[in-house]
Amino acid sequence: MAGTLNVPSPADLRNAGQREAAALAALLAATAPGQSVHGARRRIKQLRSLLRLLRPNLDAAAYGAVNDALREAAAALAGHRRAEALVVAAGKLEGLKGRGSFWRDQAEAYRTAHTAEGDPAMALEAARAAIGRAAGILTSAASRPQGEDGVGAAFLSAYGRARKLLRKSLKSGEPQALHDARKFVIHHLHQSRLLQIGSERRLADLEKLRETLGDLNDLEELEQLTDRHDVASADSRRMRRARSRLLEKAARAAERLFRHAPGRYIKRLGHAAEPRSPNTRVTLQAGE
């Protein structure tokens, strides 16, 4: 499979991971408390997606330790980002032309409370320490033998998980299931970019699906800020309609992007693949 996809070697991917961990550490070192951490959180997610490709090649304990450290770093930065995201979600929901402000009021109140209670400096310090641990382990961890298809198999596994979870969650509409599906859509998107697999149009469409699922998650979290029995009927209808539109949009995109079973998908990739230069440097895109 790896030969069919012409994927980079685990050594190349590991070097890319080490470079990205160092870049993340530098980014966080230059970030002041209260500044946006959106770019850093996106880069942490990219690094976790790369790590999944390395899983067959890394000592199991080392893999778990690096993954836990990256998860810890993301969690440390999540509070500030969540407060900002909910304000944006409320703005999208209610618009700017006199369509009410109930949801924006809820989001602004949450942001104010978070700002008063949180400590951005401590959150940044925790994230920096976690990234430092991840970088150290990724550099020193022992490798373990794997078949030549290890990276390709890991890529296909993420595609298959995304496909399965999307079908299940879009059918049920259950928020946690949608959240889990989004995680694997993100892994598939990042891995496709990293391995240079798929057209620019497909990557752009995957990014749109990711955003749609993110908007659904933001609406769910926004709704959790208040007792739903206290929500006026007009505000409740607005929420339901917005969620329904996003679910339909996500379902159409998922059907198009994940229509093929994993075996068929890999065969199509094999036919479309172009040779990778042996001197190609594996890189991750900088977070936005």
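1. Quick look at the overall build of the chain
1) Next: Per the secondary structure count, the chain includes 11 helices and zero strands.
2) Next: Helices (α) and strands (β) of the chain occur, in sequence order from the N terminus, as α-α-α-α-α-α-α-α-α-α-α.
3) Next: Sorting the 288 residues of the chain into buried and exposed places 44% on the buried side.
4) Next: Relative to all contacts within the chain whose residues are 6 or more apart in sequence, the contacts with residues 24 or more apart total 82%.
5) Next: Carbon together with sulfur atoms contributes 51% to the accessible area of the chain, which is approximately 14600 Å² in total.

2. Considering the pattern of salt bridges
1) Next: Scanning the entire structure with this criterion turns up 14 salt bridges.
2) Next: The salt bridge partner of Glu207 is Arg42, with a shortest N-O separation of 3.7 Å. Remark: Arg42 occurs in helix α3 (residues 38-54) and Glu207 occurs in helix α9 (residues 200-223); sequence separation between them is 165 residues.
3) Next: With a relative accessible area of 13%, Arg42 lands in the buried category.
4) Next: In this structure, Arg256 and Asp205 form a salt bridge, with 3.7 Å as the shortest nitrogen-oxygen distance. One end of the pair, Arg256, is in helix α10 (residues 233-257); the other, Asp205, is in helix α9, and 51 residues separate them in sequence.
5) Next: Given the relative accessible area of 39%, Arg256 is considered partly exposed.
6) Next: On the basis of relative accessibility, which here comes to 13%, the residue Asp205 falls in the buried class.
7) Next: Each of Arg42, Arg193, Glu207 and Arg210 takes part in salt bridges that share partners, so that together they form one network.

3. A few points about the packing of helix α4 (residues 60-94) against helix α6 (residues 120-140)
1) Next: At a minimum axis distance of 8 Å, the contact between α4 and α6 shows a crossing angle of 160 degrees. Classified by the interaxial angle, the pair formed by α4 and α6 is roughly antiparallel. Relative to α6, the crossing made by α4 is left-handed. Residues Ala62, Ala65, Val66, Ala69, Leu70, Glu72, Ala73, Ala76 and Leu77 of α4 touch α6, and the partners they reach there are Ala123, Leu124, Ala126, Ala127, Ala130, Ile131, Arg133, Ala134, Ile137 and Leu138.
2) Next: For the contact of α4 with α6, the class distribution of residues is 17 nonpolar, no polar and two charged.

4. What to know about the packing of aromatic side chains
1) Next: Taken as a whole and judged by the stated rule, the model has four aromatic pairs.
2) Next: Of the aromatic side chains, those joined through ring pairs into one cluster are Phe155, Tyr159, Phe258 and Tyr265.
3) Next: Taking the ring centre of Phe258 as reference, the NZ or CZ of Arg202 above it sits at 5.7 Å.

5. Section: the environment of Gln176
1) Next: Among the structural elements, Gln176 can be located in helix α8 (residues 175-195).
2) Next: Sequence-wise, Gln176 and Asn217 are 41 residues apart; in three dimensions their C-alpha atoms are separated by 8.6 Å.

6. Some thoughts on the confidence of the model for the chain
1) Next: Averaged over every residue, the pLDDT of the chain is 86; residues scoring 70 or more account for 88%.
2) Next: Looking across the chain, the model is least confident in helix α1 (residues 2-5), with a mean pLDDT of 49, and most confident in α8, with 96.

Here is what the cut-offs are and how they apply
Residues numbered from 1 in each chain as written. Predicted model: local features only at pLDDT ≥ 70, side-chain atom pairs only at ≥ 80, totals over all residues. Heavy atoms only, no water. Helix = DSSP H or I, 4+ residues; strand = E, 2+ residues; numbered from the N terminus. Buried < 20%, exposed > 50% of the residue type's maximum accessible area, 1.4 Å probe, protein only. Contact = heavy atoms within 4.5 Å. Areas by Shrake-Rupley, 256 points an atom, 1.4 Å probe, with all protein chains shown as cover. Salt bridge = Lys/Arg side-chain N within 4 Å of Asp/Glu carboxyl O. Axes fitted to C-alpha atoms, helices over the stretch in contact; angles between N-to-C directions. Parallel < 35°, antiparallel > 145°, perpendicular 65-115°, else oblique. Left-handed = near helix turned anticlockwise from the far one by under 90°. Nonpolar A, V, L, I, M, F, W, Y, C, P; charged D, E, K, R; others polar. Phe/Tyr/Trp six-rings, centres within 6.5 Å; stacked < 30°, edge-to-face > 60°. Lys NZ or Arg CZ within 6 Å of the ring centre and 35° of its normal. pLDDT = per-residue confidence, 0-100.

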